[in-house]
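Commentary on secondary and tertiary structure
Chain by chain, the residues run as shown.
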Amino acid sequence: MIFSLYSKRGNSQSVSYVNSPIWIAVSRGILVGVSSAGLLAVLSGLVDLTDSGSDTAFFLIFGILTTLISAYLARYVSGKKLKRSEIFIEVTSGFFFCILCSSFLYLLLIEKVNFGDAFFESAAAFTTTSFTVIDFGISGRGVIFYRTASQLLGSFAAVLTAVILIPISQDNFGLGTPGRTDTKDVFPEKKKAVKNISLIYMVSTLLLTLALLVTELDFFDSLLISLSTISTGGFVRNKDVFESSSVQLLLIAGMITTGTSVVVIWRLLSRKVNSLFRSSELITYLALIMGAAFLLFVWADKGTTSSLSKSFFIALSSISTTGFHISAFDNWTVSAGFLLLLLVTIGPMSLSSGGGFQIYRLRILLAVSVRELIRQLHPRAVVKIKVAGESVLEDRVRQVVVFQFIFTSIIFLTATVLTISGVGVYEALSSSINALATAGPIRNADGMVIGVSSFSMTERLALVPAMLSGRLYLLPVLISFGYVFSETRNFLRPRRRILHAIRSNN
Amino acid sequence: MKIENQKIVSTSMHMTGIAVIFVAVGVGLSTIVSIFDNRVDFFQLLLSTVILIFVGSVLFKSSELGGTDQASIFTAVGTTWLVVSLLGTIPYLFVGTFSRAGIGLPEVFVDSLFESVSGFTATGSTVFGVHNSIQSQGSGILIYRQLTQWMGGMGIVVLVVSVLPSLRASGLGLIDAEAPGAGVERIAPRVVETAKKFWYIYVSLTVFIALGFFLFGMGLFDAIAHGLSAASTGGFSTKDISLGYWNSITIEIVAMAGFLIAATNFTLHARLIERKRFDYASDSEFKSFIGVIFLGVLVITLLLNGEGFSFGSSLRNASFNVITLATSGGFGNALGSGEAGDFASWPGSTQLLLLFFIVLGGCSGSTSGGVKIMRFRIGLAHAHSALRSIMRPRALIQARMGNRTVNDSLVERIAGFVVIYGMLVIIGTFILTALGSDLITSLSGTFSALGNMGPGLGEVGPTSSFVDGFSAPGRLVLLIFMLIGRLEIFPMLLMFVLPYRASLQAVKSKKMPRESD
C-alpha cells in the first residue's frame, strides 16, 4: 500500500497522509535493511562454497531475490531530503528490518529453530550483543559466517550513525564544530567518513586475522574471531580457543583497538602518532583497563602470568563490550562481578565499535558534578563545562544528562520486566545492563556465565529493545518511538489526520 | 582562627554549641523517663546530660558568629552534624547498649556511632538484632533513640536557627543547606519565624500521630516513641519487629497517614494552617507523589496477589511497605523474618519496584529522604523537552512542570545533584562489595543510607539488623553516606573548603617574608 501511494509522487493533488516524510524514512529503512541482509547472504553463500556448499544455493537465491526486489522498489521511494530526526527513523527501521529479514533466513536454514529464537539470534548479531540461543554446532560455514559477519555490519552501521547523526560524537571529533579544524582530515564529509571507517574496519580485521593465523587457529576460525573482535560482537563457535595464552594476548590487542575511537585509529594509520598522547579520552580508557585488570588480578590471588593476562582479557572483554566468554577465576568475589558490570556500563571510547555509556559522556558528567560543587560555593559564577581543555556546548551537556537519565530508565524498566517474568534481581540487572551496553555474557553473583537460552521467550524479547537502543546510542530508537507514538495518536484522531494532510499539501 | 572580645569567631563552633545543648536536653528528657522505668540507666544518662551540657556551653560561650558566606555555611552545617552525631554516642557508650561478648571497643564505638548517625539523620537503620534485642533495653535509652530521630527529622540547624535571632538573613542559607529539596520557601517575613513555624507544624504532627497510635491500642510510652519516629519519617521502633508487634491494621493506617503528611512539603501545610489555603490539589509535586504511590501500591498488590498471597494481605502489605519506603518512613509490619510483610522475601519484581521507591523519596521541603519527586519530575520534563527539540529543531521548547516553565539553571542544579548522587551510589556499592557484602545488599544499603530510608533489600530487610549485612568497616561507610544524604550531599562534601582555604592561607603567610626582615 505504501509503495503504491509513492508511485503518485509529483501529483500534488493526490499526495496522501501516507506519503509523509516519516513513511519515506521508514520505506527507505526497510529497503536498506532488507538489501543489506540480502547482500550479506550472497557473500555467505560464496563462503559456504569452501565447505560442503549445501546452503549456497539457498543463500544466493535469498540474497539475490531480496536485493533485486529492494533495488526495484527503491525506484518508487521519494528521493526527498530528510531531516535529521527523520533519518533516525530510517536508521532504526533499517536495523529492525535487517534483523527481521535475517531471522527468516535462520528460520529456514537451521533445523528445530522457532521464530522467536531466530529473531533473538539475529537481533543479538546485528546489535553486536554477545548473547546466543541457537546451537551452531552442526551448521555449515555459510551460516556461521552470516552470523559473525552480521555483527560487523551492525557495528559498522552503528559507528557510521554515531559519526554522521549523533550530535555529541560530532562535537567530540570536530564535525560541525567551529574552531576544531584539526579533525577535519578524518571526516570532512559523509562519503569520506564512510570510506575511512570502512578502511579502518577492513585493515584491522585483516591484521588481526593474519596475526591469529600465527597461532594454531585455521584461516576460517581466525577470520571469525577477528570479525567478532573488531565488531565487539563476541560470538565464537568454540570457546576453548580463549584458553590459549597466545590467542588471549592477540585478542587483548584486538579489543584495545576495537574500543578505541576510529578517529584515533585513523590518525595512527596516517602516522600521526603524537595525537595518541593528546587524546585524554584514550588515556582514560587505557587507565580504566589497567586499573580494572589490576584489581581483578589482585582479587584472583594467583599471581601468575596467565592470571594477569586473564585479568586483562576479562577487563577488556567487558569495557570494550566485546563479551567473549571466559571462565571466571577460582576465587571470584562479588566486587569483581560489580566491577565488570561497571566496566560494561561505562564502555569504551566514543566513536568506537563498543556500546555502553562511553568515556566521553562520562567525562562530561564528571565535569557537570564538579561544576555543581563550584556553583554551590559561588552561586552566581558562570562555569563552563570543559573536557580535555575544550569547552562543551551547553546543549550537548544537557543531552548527555538526558542520555544518562534514559540509560538508567531503560536498565530499570528492562530489569523490572525480567523480574516480573521470574528472573532474580541480580541476574535481571546484569542482563539489562549487558543488553543495553550490547555486551555480555551475563554472569551470576558467583561469576558463572548464564546462557540466555535458559531465559523464556518473553524474557529474551524483553532484552531486544534494550539491545537495539544501546547499539544505536538510544537517540534514533527513542525518536522513532516518539514518532510512532505521535503518528498513531494522530491517525486515531481524524481531525488531526485531516489537518496534517492539509499541511502536507501546502 | 580569629579571636575578638576574648571569643573565637566561628559560626561552626557557635552553632555546634547550641546544637549540643539541644541534644543534652534530649538526653535529659530520657533521664527523666528512665526514672519511671525503675531508674534503669539513670546515672549513665544523667552523666551524659551533664557532659553534653558542659561541652555545649563551653562551645557556645567561647565563640561568636563569624562569616556567613557559602563556604562558612557548609562548614557550619557539616560540623554541627558531625559533632552532634559523635557526641550522640555518649549515652550509648555509657549505658553499654552495644557491648556484647566477642566484640572489642572499636566495634562497640562503630555500632554506637551508627545508631547515633542513623538516629539524627532519621534513617532508621539499626544495629540491634537477634544478638542484641531492642526490647531488652531500658525506656530511657529507647526514648533517647527516638528523640535523636525527632530532632534530626526537622533538622538540628532549623532548631538552632529558630532560637538564634542573631543569624538574621544567613539563617535561610543555613536552613537551605540542611533542608531536603532544591530550596526552601520562606513562609514568614523573618527567617527565625519561618524556622519556628516549621517546628510548630512538626510538633503538632507528632502530637497527632502519637494520639492516633494511643487511641488505636498502643501504650502511652510506645505511642509517644512511635509518634516521634513517624513524624520524622525515621523508622526506629521500641519493638524488635517494629509495628508487626501489634499486628493491627488501624495502627498501620495511622503510621501511613503520618508518613504521608510528614513526607509532604511543609510549606503546603503552613499555607493551610496560616492562610487556610488548600494548595495540595494544585501542587504538581504532591499530585505526582500521590500518583506514584497509588500506582506502586496497585502494581505490587497485583504482583503479590499473583504470587499466591490473598488480595487483602497483598493490599495491606503493599500499601504499608510502599508508603513506608516512598516516604522514607522505615517502619516494618512483618511478624517475623519470611512472613508476609517481610519484603526482603518477596519476589524479585516487587523488590526492584521497592528499590525504585527507596531512590525516589518524598516531596521536597519535607522530612523524607531520597532523591525527591520534584527532581524526578524535572528530570522527566527535561528529557521530554530535549527529545522534542531534536524532533523539531527550530522550535523553542522548554521543560515544563505542571503549568510552570522550569528554569534552565534549576535543571542544571538538579542534573549536577543527580550525577553526584549516582557517583556516590557507585562508589558506596563498590566499597561495600569489596568489604564482602553481596551486590543487592550493598546497592540497596547504599541507596537506603543516602536516601535516609532505613531498611534495604537482601540481608538488610525490614526484619534484619545491619550487623548481619555489613561488616564494621561497611557500617562505617554507610554512616558517612547517611550524613551525606541527610544534608543532600553538598554541605558534607564542601565542609572542608573553609578549613582548606584557611590552611592554605596560613602556609602562604608563612612563606611570605616579613616586612621587618
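1. What to know about the overall build of chain A
Along chain A, the regular secondary structure elements total 21 helices and four strands. Sequence separation of 24 or more characterises 70% of the internal contacts of chain A that already satisfy a separation of 6 or more. Of the roughly 21,000 Å² of accessible surface on chain A, 65% is carried by carbon and sulfur atoms.

2. What to know about the interface of chain B and chain A
Taken together, the contact between chain B and chain A spans 44 residues of the former and 44 residues of the latter. Connecting chain B to chain A are two salt bridges. With its nearest N and O atoms 3.5 Å apart, the salt bridge here joins Arg398 of chain A to Glu412 of chain B. Between the two partners, chain B and chain A, sit one residue pair in polar contact (both at pLDDT 80 or more). Put simply, the parts of the chain that give the side of chain B that touches chain A at least two residues each are helix H3 (70-87), helix H15 (348-360), helix H16 (373-391), helix H17 (408-434), helix H18 (439-450), helix H21 (490-494) and helix H22 (497-511) of chain B. Broken down by element, the residue count for the side of chain B that touches chain A peaks at 15 residues, all from H17 of chain B. Taken together, the residues that form the side of chain B that touches chain A break down as 29 nonpolar, ten polar and five charged.

3. Observations regarding the nonpolar core
Formed by 284 residues in total, the largest nonpolar core has its most connected members in Phe131, Tyr146, Leu251 and Leu463 of chain A together with Phe213 of chain B. If we ignore the near neighbours within four places in the chain, the residues touching Leu463 of chain A are Phe120, Phe131, Thr414, Leu418, Ser431, Ser432, Ala435, Val452 and Phe455 of chain A. Core analysis: the second largest hydrophobic core is formed by eight residues, Met374, Ile378, Ala381 and Met401 of chain B among them.

4. Focus: the packing of aromatic side chains
Under the definition given, this model contains 38 aromatic pairs over all chains. Pairing Trp150 of chain B with Tyr202 of chain B gives two aromatic rings, centres 5.2 Å apart and planes at 15 degrees, and the pair type is stacked. Linking Trp150 of chain B in helix H6 (residues 139-154) with Tyr202 of chain B in helix H9 (residues 191-215), this pair joins segments that are 52 residues apart in sequence. As far as burial versus exposure is concerned, Trp150 of chain B and Tyr202 of chain B are alike and both buried. Considering the side-chain rings of Phe356 of chain B and Phe357 of chain B, the 5.6 Å spacing of their centres and the 65 degrees angle between planes classify their relative orientation as edge-to-face. A connected cluster of aromatic rings, assembled from ring pairs, spans Phe59, Tyr106, Phe136, Tyr146 and Phe235 of chain A. Seen from the ring of Phe220 of chain A, Arg141 of chain A lies directly overhead, with NZ or CZ sitting 4.5 Å from the centre. Stacked on the ring of Phe403 of chain A, the Lys or Arg Arg361 of chain A has its end atom at 4.0 Å from the ring centre.

5. Comments concerning a nonpolar patch on the surface
Residues and elements named next belong to chain B. A grouping of Leu211, Phe214, Leu215, Phe216, Leu220 and Ile224 is seen on the molecular surface, where their side chains present a nonpolar patch of about 600 Å² in accessible area. When contributions to the nonpolar patch are tallied by element, the ones reaching two or more residues are H9 and helix H10 (220-231). In terms of residue count, the dominant contributor to the nonpolar patch is H9 (three residues). Residue placement: Leu211 occurs in helix H9.

6. A few points about the confidence of the model for chain A
Residues and elements named next belong to chain A. Across chain A, the average pLDDT comes to 83, with 89% of residues at 70 or higher. Between the elements of chain A, mean pLDDT differs from a low of 37, seen in helix H1 (residues 2-6), to a high of 93, seen in helix H5 (residues 115-126). The low-confidence segment residues 1-18, where pLDDT is below 50, has 30 contacts with residues more than four positions distant or belonging to other chains. Contacts of residues 172-182 to residues separated by more than four positions or lying in other chains number 20 contacts, the stretch itself having pLDDT below 50.

7. Observations regarding a positive patch on the surface
Taken together, the side chains of Lys80, Lys83, Arg489 and Arg493 of chain A together with Arg388, Arg392 and Arg394 of chain B make up a positively charged region of the molecular surface. With respect to the element layout, Arg394 of chain B can be found in the loop between H16 and strand S4 (400-401). Judged by its relative accessible area of 86%, Arg394 of chain B is exposed.

8. Structural notes on the environment of Leu82 of chain B
Residues and elements named next belong to chain B. Checked against the element boundaries, Leu82 lands in helix H3. A C-alpha to C-alpha distance of 23 Å links Leu82 and Gly330, two positions 248 residues apart in sequence. What Leu82 contacts, discounting residues up to four positions off in sequence, is Leu483, Met492 and Met495.

9. Observations regarding the packing of helix H4 (residues 84-109) of chain A against helix H6 (residues 141-164) of chain A
Residues and elements named next belong to chain A. Interaxial distance between H4 and H6 falls to 12 Å at its minimum, and their mutual angle equals 180 degrees. With respect to H6, the element H4 is oriented roughly antiparallel. In this structure, H4 contributes Val91, Phe95, Cys98, Ser102, Leu105, Tyr106 and Leu109 to the contact, and H6 contributes Val143, Tyr146, Arg147, Ser150, Leu153, Gly154, Ala157, Ala158 and Thr161. Residues of the contact of H4 with H6, tallied by class, amount to eleven nonpolar, four polar and one charged.

10. Considering helix H2 (residues 42-61) of chain B
Residue and element names in this part refer to chain B. In this model H2 runs 28 Å from its N-terminal to its C-terminal C-alpha over 20 residues, within 8% of the 28 Å that 1.5 Å per residue would give. Phe42, Leu45, Ser48, Thr49, Leu52, Gly56 and Leu59 are the residues of H2 that are buried. Considered in projection along H2, the buried side chains sweep an arc of 130 degrees and stay on one side of the axis. Along H2, exposed side chains directed more than 90 degrees from the buried face belong to Phe43, Phe54 and Lys61. The elements touched by buried residues of H2 are helix H1 (11-35), strand S3 (63-64), H3, helix H4 (89-95) and H6.

11. Considering the sheet that holds strand S1 (residues 3-4) of chain B
Residues and elements named next belong to chain B. In spatial order, the strands read S1-S2-S3; together these three strands make up an open sheet with mixed pairing. Each edge of the sheet is formed by a strand with only one pairing partner; in this case those strands are S1 and S3. Strand direction decides the pairing type here: strand S2 (residues 7-9) and S3, joined by two bridges, are parallel. Within the sheet, the bridge partner assigned to Val9 lies in S3 and is Glu64.

12. Quick notes on the pattern of salt bridges
Residue and element names in this part refer to chain B. Under the defined criterion, the tally for this structure stands at 16 salt bridges over all chains. Between Arg145 and Glu115 there is a salt bridge; the shortest N-O distance is 2.6 Å. One end of the pair, Arg145, is in helix H6; the other, Glu115, is in helix H5 (residues 105-120), with 30 residues separating them in the sequence. Residue Arg145 shares its accessibility class with Glu115, and that shared class is buried. Between Lys197 and Glu274 there is a salt bridge whose closest N-O contact spans 3.2 Å. With Lys197 in helix H9 and Glu274 in helix H12 (residues 266-275), the pair connects residues that are 77 residues apart, well separated along the chain. Looking at Glu274, the relative accessible area reads 45%, which means it is partly exposed.

Here is what the cut-offs are and how they apply
Residues numbered from 1 in each chain as written. Chains lettered and ligands numbered in written order. Predicted model: local features only at pLDDT ≥ 70, side-chain atom pairs only at ≥ 80, totals over all residues. Heavy atoms only, no water. Helix = DSSP H or I, 4+ residues; strand = E, 2+ residues; numbered from the N terminus. Contact = heavy atoms within 4.5 Å. Areas by Shrake-Rupley, 256 points an atom, 1.4 Å probe, with all protein chains shown as cover. Salt bridge = Lys/Arg side-chain N within 4 Å of Asp/Glu carboxyl O. Polar contact = N/O pair within 3.5 Å; in protein donor to acceptor, adjacent residues only side chain to side chain. Nonpolar A, V, L, I, M, F, W, Y, C, P; charged D, E, K, R; others polar. Core = buried A, V, L, I, M, F, W, Y, C linked by side-chain atoms within 4.5 Å. Buried < 20%, exposed > 50% of the residue type's maximum accessible area, 1.4 Å probe, protein only. Phe/Tyr/Trp six-rings, centres within 6.5 Å; stacked < 30°, edge-to-face > 60°. Lys NZ or Arg CZ within 6 Å of the ring centre and 35° of its normal. Patch = residues over 30% accessible without salt bridge, like charges linked within 9 Å, V, L, I, M, F, W, Y side chains within 5 Å. pLDDT = per-residue confidence, 0-100. Lys, Arg positive; Asp, Glu negative; His and termini not counted. Charge placed at Lys NZ, Arg CZ, Asp CG, Glu CD. Axes fitted to C-alpha atoms, helices over the stretch in contact; angles between N-to-C directions. Parallel < 35°, antiparallel > 145°, perpendicular 65-115°, else oblique. Expected span 1.5 Å × (residues − 1). Arc of directions from axis to C-beta. Pairing = 2+ DSSP bridges.

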